[in-house]
Amino acid sequence: MTLSPARVPATGLRRLTTTLYGYAFLDDFVLLYPVYALLFADTGMSLWQISSLFALWSITGVVLEVPSGAWADAVSRRRLLWIGPLLTAAGFALWVAVPSYWAFAAGFVLWGAGGALGSGALEALVYDELDHLGAADRYARVMGRARAARLGGTVASIGLAGPVFAQGGYAAVGAASFLACVLAALTATRFPEHRVRPATADDSWATTLRTGLAEVRRDRSVRGALLLIPAVAAVWGALDEYTPLLVRDIGVAEAAVPYLIMLIWAGVTVGSLLAGPAERLGTAGLAALLAGAALALAVGAAARSLAGIALVSLAFAGFQLAEVLADVRLQHRIDESRRATLTSLASLGTELATVATLGVYALLGTDMAHSTVFAVLSIPYLVTALALARARAATARP
């Protein structure tokens, strides 16, 4: 009598997590990642044209981020999770089949749209399915492992891109990326989805978006949890783009740079895997985590040594862990019917803050060394940690 009911949640949990980890791995198993800029250059694109393609990719994500989240709350989230990779696959097929500026532009629009469809929808589906199984308290652990699986997909794709490219050129890495996207879409069809959606005439994405924004304005705790995500995720997400330059400036050989970048990402993976146990940290613990990671970043960058790079890896591990915990705080505070909408709104904030950070880095980097800019950009994390500590103190007052 006591064993039978336990089997259903265990089976359901296993199906959800294995599907999630497989989907996360395949979604980032893109062999085109390390070579697509080379593809553009070899096709004859100028630096200005290549930069405009990256800008178009970002703009597509920004424009579609929140509407796609609202749509995910109005329709099947699982459906969006398998449509997204198919859009990305179509974009990669265009790149390889008809390499030209407009094909690359269309591919980036499709890729940006595919990413936007999954952003918010994935977190919302996973949280609600865990809640359905009575396991919402496992969300941090599950999503931390999912992020680790994504990192595994990225690392594996980088490792395989070289030999595959040597054997078959851009066509081979493009075909492998296309296949990975198709497999991700097929994997997404296995996601369970038990959410009951009200089938009313007023159940539209625009209505969902309006009610979601109203909740942010009305509920201070939701607003704080939503703003915390870009505050945690944006700066280190932007700094990641410059880590090869930071590593090179310590004087190592060019051939050694990828190995030290792998060291940094090993730290990020560890941070993801620690999310479950770390959920017990609370607000004060999260503030201490951010402050410690900020100090590790500043000291590590300023050291300009191999030991300093190890500290940067430790800092990135802390930021990744804090990012997962910030997502957990948001999911615990929002309503099921608006979960994807508000998660996408947080992602939009992260995108915009990341772009702003890139601009600040470009300005500071004109006159400062990369190590100095990294140290300066640790300051926002100290400010965020202080704000969390003050909020915790205010809550503790009688």
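Parameters at a glance
Residues numbered from 1 in each chain as written. Predicted model: local features only at pLDDT ≥ 70, side-chain atom pairs only at ≥ 80, totals over all residues. Heavy atoms only, no water. Helix = DSSP H or I, 4+ residues; strand = E, 2+ residues; numbered from the N terminus. Buried < 20%, exposed > 50% of the residue type's maximum accessible area, 1.4 Å probe, protein only. Contact = heavy atoms within 4.5 Å. Areas by Shrake-Rupley, 256 points an atom, 1.4 Å probe, with all protein chains shown as cover. Patch = residues over 30% accessible without salt bridge, like charges linked within 9 Å, V, L, I, M, F, W, Y side chains within 5 Å. Salt bridge = Lys/Arg side-chain N within 4 Å of Asp/Glu carboxyl O. Lys, Arg positive; Asp, Glu negative; His and termini not counted. Charge placed at Lys NZ, Arg CZ, Asp CG, Glu CD. Expected span 1.5 Å × (residues − 1). Core = buried A, V, L, I, M, F, W, Y, C linked by side-chain atoms within 4.5 Å. Axes fitted to C-alpha atoms, helices over the stretch in contact; angles between N-to-C directions. Parallel < 35°, antiparallel > 145°, perpendicular 65-115°, else oblique. Left-handed = near helix turned anticlockwise from the far one by under 90°. Nonpolar A, V, L, I, M, F, W, Y, C, P; charged D, E, K, R; others polar. Phe/Tyr/Trp six-rings, centres within 6.5 Å; stacked < 30°, edge-to-face > 60°. pLDDT = per-residue confidence, 0-100.

Moving on, we come to the overall build of the protein chain. In terms of helices and strands, the protein chain carries 17 helices and zero strands. Counting across all 398 residues of the protein chain, residues that qualify as buried make up 49%. A separation threshold of at least 6 residues defines the contact pool for the protein chain, and within that pool the share at least 24 residues apart is 83%. Looking at the protein chain as shown, the accessible area adds up to about 17800 Å², and 67% of this sits on carbon and sulfur atoms.

Take a positive patch on the surface next. A cluster of like positive charges, contributed by Arg138, Arg141, Arg145 and Arg280, occupies part of the molecular surface. By the element assignment, Arg138 lies in the loop between helix H6 (121–132) and helix H7 (139–188).

One turn of an α-helix holds 3.6 residues; hence residues three or four places apart share an orientation. Here helix H5 (residues 101–118) contains 18 residues, and its C-alpha end-to-end distance of 26 Å stays within 8% of the 26 Å for a straight helix at 1.5 Å per residue. Most of H5 sits out of view: 13 of its 18 residues are buried. Backbone geometry just after H5 places Gly120 at a positive phi near 90 degrees.

Notably, Arg304 is not glycine yet its phi reads approximately 50 degrees, a positive angle. Counting through the fold element by element, Arg304 comes out in the loop between helix H13 (282–303) and helix H14 (306–333). A residue is classified by how much of its surface remains accessible, and Arg304, at 42% relative accessible area, is partly exposed.

So, on to the nonpolar core. Among the nonpolar cores identified, the biggest contains 54 residues, and Leu239, Leu290, Leu297, Phe316, Phe319 and Phe374 are the most heavily contacted of them. Per element, the largest residue contribution to this core is eleven residues, and it comes from H14. Contact partners of Phe316, with chain neighbours within four places excluded, come to Trp236, Leu239, Asp240, Thr243, Ile264, Val268, Leu297 and Phe374. In terms of nonpolar packing, the next biggest core, distinct from the first, is built from 30 residues, Leu13, Leu125, Tyr127 and Val328 among them.

Attention now moves to the packing of H6 against H7. Their axes nearest at 10 Å, the elements H6 and H7 cross at an angle of 140 degrees. Our classification of the angle between H6 and H7 gives oblique. Seen from above, H6 lies across H7 with right-handed handedness. In this structure, H6 uses Leu122, Glu123, Val126, Tyr127 and Leu130 to contact H7, whose residues at the interface are Tyr139, Val142, Met143 and Arg150. By residue class, the composition of the contact of H6 with H7 is seven nonpolar, no polar and two charged.

This next bit is on the pattern of salt bridges. Using the criterion set out here, one finds four salt bridges in the structure. A salt bridge links Arg77 to Asp128; the nearest nitrogen and oxygen atoms lie 2.5 Å apart. In this pair, Arg77 sits in helix H4 (residues 77–97) while Asp128 sits in helix H6, placing the two residues 51 residues apart along the sequence. A residue is classified by how much of its surface remains accessible, and Arg77, at 1% relative accessible area, is buried. Between Arg147 and Glu323 there is a salt bridge, with the nearest N and O atoms lying 3.0 Å from each other. Of the two residues, Arg147 is situated in helix H7 and Glu323 in helix H14; the sequence distance between them amounts to 176 residues. Via salt bridges that share partners, Asp27, Asp28 and Arg150 belong to a single interconnected network.

Tallying each qualifying case throughout the model produces 27 aromatic pairs. Seen in terms of ring centroids, Tyr101 and Trp102 are 5.2 Å apart; in terms of plane orientation they differ by 85 degrees. Their pairing is edge-to-face. Residue class for Trp102 comes out exposed when judged on its relative accessible area of 68%. Between Tyr242 and Tyr361, the aromatic rings sit 3.7 Å apart at their centres with planes inclined by 5 degrees, giving stacked as the arrangement. Here Tyr361 lies in helix H15 (residues 339–365) and Tyr242 lies in the loop between helix H9 (220–239) and helix H10 (243–248), a separation of 119 residues in the sequence.

Chain-level pLDDT for the protein chain is 84 on average; 90% of the residues reach the 70-or-more range. Throughout residues 1–8 the model reports pLDDT below 50, and contacts reaching past four residues in sequence, or to other chains, amount to zero contacts. Low pLDDT, under 50, characterises residues 198–202; the predicted model gives this stretch two contacts beyond four residues in sequence or across chains.

Our next topic: the environment of His194. If you trace the backbone, His194 turns up in the loop between H7 and helix H8 (205–218). Along the backbone, His194 and Leu125 are 69 residues apart, and their C-alpha atoms lie at a distance of 9.1 Å. Ignoring any residue separated from it by four or fewer positions in sequence, one finds His194 in contact with Glu129 and His132.

By secondary structure assignment, the location of Thr283 is in helix H13. Not counting chain neighbours up to four residues away, the residues in contact with Thr283 comprise Arg329, Leu388 and Arg392.

Moving on, we come to the environment of Ala140. As for its position among the elements, Ala140 is in helix H7. We classify Ala140 as buried; its relative accessible area is 0%. A C-alpha to C-alpha distance of 9.4 Å links Ala140 and Leu273, two positions 133 residues apart in sequence. Those residues within four positions of Ala140 in sequence are excluded, and the remaining contacts are Ala275, Gly276, Glu279, Val324 and Val328.

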